[in-house]
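Fold and geometry: a report
Residues per chain, in single letters:
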Amino acid sequence: MNPALPTLYFSHFIEKENEISLQTLPPELLHRCIAQFADWGDLAKLACVQKSWKNLVGDAAEFGGRDAKWELSMLLLGDSIVESSDQEANVSNERSHSYFQCSRGLAKNEALAIQYLTELSGVDVDNDVFAYETDELNSEHDNSSLPKDWTVGPNTTADESALLALAKCHLTGIGGNPNPNLALHYLQAAYHYTNSVQSAHTLALLYEYPKESNNLVQIDVYAAFEWFKAAAELGHVSSMAELALCYELGCGTAQNDNAALDWYTKAANHGHGSSHYSVGEHYEEARGVPLDHEEACLWYHRAAVMGEQDGVSGLKRLRQVARRVLSANNLQELAEQHELDEILHE
């Protein structure tokens, strides 16, 4: 969208002697030209034309409200937020990338973008409380936080997109040095204030896999389990599969084949490919259910159709049962797709 300004925005500027100005135009006409045809890059260039317009970009952001500030902050970040984000965890990745492509020369300013995002987030923080020292990870201090540990009151102005973007910036050092403490706080705020399923899943990944935080967040399998559970209960499919794995391995919780099968089944029913194989494996090995190789073959077939190599391996193991349970057409399609003549023939 184009930046917006009040209709009579230019009417209160007084033309100074010897100053080059467009004030010869009626303010309404000047506003119409800029509002309809100027983007943020154009406003930044106009702000350099004369001193009285130096706040043009900032004023447009304030007048335009939430959407204007969000768009401007994405432009000021440039390609930073896009390059630092994976496809699933990134918030509004396609939107931010399209903004970057249309920036029209607006200079990157990560610090100013952080300022706008902080305003948008609706969450006030004390930077001293969340200060981070580079040797903190190697200390005995545990700053892990579970969903139930949140003690701050409700917040009706919190903005999920801004909180997730701030968390990504502070975790990767966009606009300053990395601060995982602040990143974790923003993610927790997004979960508790906006019921953000993505924040819960991201928190679980940070506590479970060191590479997700560039080794800045201590591994905590108990916290990871709790956050995977929180995200799974909100419908996050990948978290369902991760939660099932926690139950299967007894990672962060007591080992429980029944709970693992339950969550693998839920994930599979939502289209998670590898979970189909995991359900089949439970039936093949009688974990949480009676031994049932026919049922296992059906689940392995679904996994194989979705391109899961483990599903193909399962059908190889149970090829005799597969020939009996699956139709000739299904077997032929699989054999052609995966070059598995042994499924069709002895």
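All residue numbers refer to positions counted from 1 along the written sequence of the respective chain. Side-chain atom pairs in this predicted model are given and counted only at pLDDT of 80 or more, local residue features only at pLDDT of at least 70, and totals for whole chains, interfaces and linings cover all residues. Side-chain measures were taken over the full set of non-hydrogen atoms in the model, leaving aside hydrogen atoms and water.

Comments concerning the overall build of the chain
Runs of H or I in DSSP of at least four residues are treated as helices and runs of E of at least two as strands, each being numbered from the N terminus. Check the secondary structure of the chain and you find 18 helices and zero strands. In the chain, buried positions account for 48% of the 346 residues. Contact between two residues is taken to exist if any of their heavy atoms lie within 4.5 Å; hydrogens are not considered. Sequence-distant contacts, at least 24 apart, represent 63% of the contacts inside the chain between residues at least 6 apart. Accessible surface computed for the chain: about 17400 Å², of which carbon and sulfur atoms make up 49%. Throughout this description, buried means an accessible area under 20% of the type-specific maximum (1.4 Å probe, protein chains only), exposed means over 50%, and partly exposed covers the range between. Shrake-Rupley sampling with a 1.4 Å probe provides the accessible areas, and residues are treated as covered by the protein chains on show and by no other component.

Description of unusual backbone geometry
If you check the backbone angles, Asn-214 has positive phi at about 55 degrees while not being a glycine. Of note in this structure, Asn-215 is not a glycine but carries a positive phi near 65 degrees. With respect to the secondary-structure elements, Asn-215 resides in the loop between helix H9 (197–208) and helix H10 (221–233). Note on Asn-215: relative accessible area 47%, which makes it partly exposed.

Some thoughts on helix H6 (residues 110–121)
For H6, built from 12 residues, the straight-helix expectation of 16 Å at 1.5 Å per residue is met to within 8% by its first-to-last C-alpha distance of 16 Å. Three or more residues of H6 are buried, namely Ala-113, Ile-114, Tyr-116, Leu-117, Leu-120 and Ser-121. Buried residues of H6, seen end-on, are gathered within an arc of 165 degrees and therefore sit on one face of the element. For H6, the elements touching its buried residues are helix H3 (56–77), helix H7 (160–172) and helix H8 (180–194). Helix span, as expected, comes to 1.5 Å for every residue beyond the first. Arc definition: it is the arc formed by the directions from the helix axis to the C-beta atoms.

Points about the pattern of salt bridges
The rule for a salt bridge is simple: a side-chain nitrogen of Lys or Arg has to be within 4 Å of a carboxyl oxygen of Asp or Glu. Scanning the entire structure with this criterion turns up 10 salt bridges. In this structure, Lys-69 engages Glu-119 in a salt bridge whose closest nitrogen and oxygen atoms are separated by 3.0 Å. Note that Lys-69 is positioned in helix H3 and Glu-119 in helix H6, a separation of 50 residues in sequence. Note that Arg-324 and Glu-294 form a salt bridge whose closest N and O atoms lie 3.5 Å from each other. With Arg-324 in helix H16 (residues 319–325) and Glu-294 in helix H14 (residues 293–305), the pair connects residues that are 30 residues apart, well separated along the chain. With relative accessibility at 40%, the residue Glu-294 sits in the partly exposed group.

Points about the confidence of the model for the chain
Note on scores: pLDDT gives the predictor's confidence for each residue, bounded by 0 and 100. Looking at the chain as a whole, the pLDDT averages 83, with 78% of positions reaching at least 70. Across residues 14–20, confidence stays below pLDDT 50; counting only partners more than four residues off in sequence or on other chains, it has six contacts.

Observations concerning the side chain of His-272
Mapped onto the elements, His-272 comes out in the loop between helix H12 (257–269) and helix H13 (273–285). You can call His-272 buried: its relative accessible area is 19%. In this structure the side chain of His-272 is engaged in a polar contact, spanning 2.9 Å, whose partner is the side chain of Ser-275. Apart from the residues within four sequence positions on either side, His-272 is in contact with Val-237, Ser-238, Ala-241, Ala-267 and Met-306. Within 3.5 Å is the distance limit for a polar contact, defined as a pair of N or O atoms, with the added protein rule that one can donate a hydrogen and the other accept it, and that residues adjacent in sequence qualify only through two side-chain atoms.

Concerning the nonpolar core
Of all hydrophobic cores here, the largest spans 93 residues; its most connected members are Trp-40, Leu-43, Leu-72, Leu-117, Tyr-207, Trp-227 and Leu-315. Counting residues per element, this core draws most heavily on H3, which supplies 11 residues. Buried Ala, Val, Leu, Ile, Met, Phe, Trp, Tyr and Cys residues form a nonpolar core when they are joined through side-chain atoms within 4.5 Å.

Quick notes on the environment of Gly-176
Following the sequence through the fold, Gly-176 ends up in the loop between H7 and H8. Residue class for Gly-176 comes out partly exposed when judged on its relative accessible area of 39%. Taking the C-alpha atoms as reference, Gly-176 lies 8.3 Å from Glu-110; in sequence the two are 66 residues apart.

Quick notes on H3
Its 22 residues give H3 an end-to-end C-alpha distance of only 19 Å, which falls more than 12% under 32 Å, the value for a rise of 1.5 Å per residue. Along H3, the sharpest change in direction is near 140 degrees and occurs at Gly-65. The reported bend at a residue is simply the angle between two axes, fitted to the 7 residues ending at it and to the 7 residues beginning with it.

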